[in-house]
Amino acid sequence: IALAPDGTVALIDLAATPVQILDPAGKFLRGFGKRDIGVENFTMAAGLAFDELGFLYVVDLLRHDVKVFDREGRFMSLFGGWSSPETAGRGPGELLYPADIAISPQGRIYVAERFGQRVQIFDRLPAEPATGPGGSRR
């Protein structure tokens, strides 16, 4: 569960629509994502966090990445993943079963890995209208 700066609540639902958005009173506003192929979808959403601009970052445990969505649930970008079978998610900036995420008020993104046994820190890139926010490897 995550709380946006405007009081909006996001939660992960493993049985229905993967990401659900509620208003501050708990009323359902929208849901998005499917358990399907496509970069905007999920295999297993595991953690989420809003940044101070209202972008929602969702960790996908089994796809080894973090997806970024705007306030309306539109896919903006992703980071993490594996570069090659040789690194198997252990290289800098790659993710190995990421399980949770936190974002500081300064925009630093902390991603905890379940099996990588590390926390990686990413610097958020400035938001760009065409591509949205991303992360740079650190």
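Structure: above.
The following refers to the structure shown. (Residues numbered from 1 in each chain as written. Predicted model: local features only at pLDDT ≥ 70, side-chain atom pairs only at ≥ 80, totals over all residues. Heavy atoms only, no water.)

Attention now moves to the pairing of strand β7 (residues 65–69). Across the five residues that make up β7, a large majority, five, are buried. Neither face of β7 is left uncovered, since the one carrying Asp65, Lys67 and Phe69 and the one carrying Val66 and Val68 both have all their residues buried. Of the strand pairs in this sheet, strand β6 (residues 56–60) and β7 are connected by five bridges, and their pairing is antiparallel. Bridging from a neighbouring strand, Val59 pairs with Val66 of β7. Where β7 lies against strand β8 (residues 75–80), five bridges are found, and the strand directions are antiparallel. The residue of β8 that forms the bridge with Asp65 is Gly80. (Buried < 20%, exposed > 50% of the residue type's maximum accessible area, 1.4 Å probe, protein only. Helix = DSSP H or I, 4+ residues; strand = E, 2+ residues; numbered from the N terminus. Pairing = 2+ DSSP bridges.)

Summarising the element assignment, Ala16 is placed in the loop between β2 (9–12) and β3 (19–22). Taking C-alpha positions, Ala16 is 9.3 Å from Gly31, a pair spaced 15 residues apart along the chain.

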